[in-house]
Amino acid sequence: MMKWILPLLLILVSCVDDNQGPESVLKNFIETRIGNVVTRELVLEKVTGKMKQSLENISDEEFKKFSDLRNINKGSFKILSKSCQKNTCFLTYSISYNTNQNGEKTYATEVKKIAEVVNENGIWLISDVSNIKTYHESLEPINP
């Protein structure tokens, strides 16, 4: 009987949703967007505060540009630092990705950002994101 309890507990623990912490919410948000087109509703359910207000107020045309990241291929995602107080965390992170045009890689980009993630009623939501530094490397000659 005892030999069945440990595997059962391991299965239950592995099935628990890992998307509860601020890091997981941020990573999930980024992975959901990169390489895809997302709906306004999907994005709005993952954000709050300044970010939600700005996304609610932009036009459909501007949101279409924001949400269509099909030409982007994710490279790496790293949390560089984390500073949390009661219901607010500031996560400094870097993400790298490649931009494609006509099936060819045209740019390699690395961006460092700070995300403010807040806990509202037991749910972590992204409140604000600001850029620290962006580095673009052209993988083909630039024609002015």
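Here is what the cut-offs are and how they apply
- Residues numbered from 1 in each chain as written.
- Predicted model: local features only at pLDDT ≥ 70, side-chain atom pairs only at ≥ 80, totals over all residues.
- Heavy atoms only, no water.
- Helix = DSSP H or I, 4+ residues; strand = E, 2+ residues; numbered from the N terminus.
- Contact = heavy atoms within 4.5 Å.
- Pairing = 2+ DSSP bridges.
- Axes fitted to C-alpha atoms, helices over the stretch in contact; angles between N-to-C directions.
- Salt bridge = Lys/Arg side-chain N within 4 Å of Asp/Glu carboxyl O.
- Buried < 20%, exposed > 50% of the residue type's maximum accessible area, 1.4 Å probe, protein only.
- Disulfide = S-S within 2.5 Å.

## Overview of the environment of Ile95
Argument step 1. Checked against the element boundaries, Ile95 lands in strand E2 (residues 88-101).
Argument step 2. Residues Ile95 and Lys74, 21 residues apart in the sequence, show an inter-C-alpha distance of 7.9 Å.
Argument step 3. Beyond its immediate stretch of four places on either side in the chain, Ile95 contacts Ile30, Ile34, Ser76, Phe77, Thr109, Glu110 and Val111.

## Considering the sheet that holds E2
Backbone hydrogen bonds are what pair the strands of a sheet, in a parallel or an antiparallel way.
Argument step 1. Taken together, 4 strands build an open sheet; the order of strands is E1-E2-E3-E4 and the sheet is antiparallel. Every interior strand has two partners, whereas the edge strands, strand E1 (72-85) and strand E4 (123-138), have only one. Taking the axes of each pair of neighbouring strands and ignoring which way they run, one obtains an average angle of 20 degrees across the sheet.
Argument step 2. Alignment of E2 against strand E3 (residues 104-120), held across 14 bridges, turns out to be antiparallel.

## Regarding the pattern of salt bridges
Argument step 1. In total, this model carries 5 salt bridges according to the counting rule given.
Argument step 2. A salt bridge links Glu23 to Lys82; the shortest N-O distance between them is 2.6 Å. Of this pair, Glu23 sits in helix H2 (residues 22-33) while Lys82 is found in strand E1, placing the two residues 59 residues apart along the sequence.
Argument step 3. Given the relative accessible area of 26%, Glu23 is considered partly exposed.
Argument step 4. In this structure, the salt-bridge partner of Arg70 is Asp68, at a minimum N-O distance of 2.8 Å.

## Looking at the state of the cysteines
Simply put, disulfide is the name for a covalent bond between the sulfur atoms of two cysteines.
Argument step 1. Summed over the entire model, instances satisfying the criterion amount to 1 disulfide.
Argument step 2. For Cys84, the disulfide goes to Cys89, at an S-S distance of 1.8 Å. Across the disulfide from Cys84 to Cys89, rotation about the S-S bond amounts to roughly 110 degrees, and the bridge is consequently right-handed.

## Quick look at unusual backbone geometry
Most of the time, phi is negative for any residue but glycine, and the peptide bond is trans.
Argument step 1. Of note, the phi angle at Asn121 is positive, near 55 degrees, even though the residue is not glycine.
Argument step 2. Locating Asn121 in the fold gives a position in the loop between E3 and E4.

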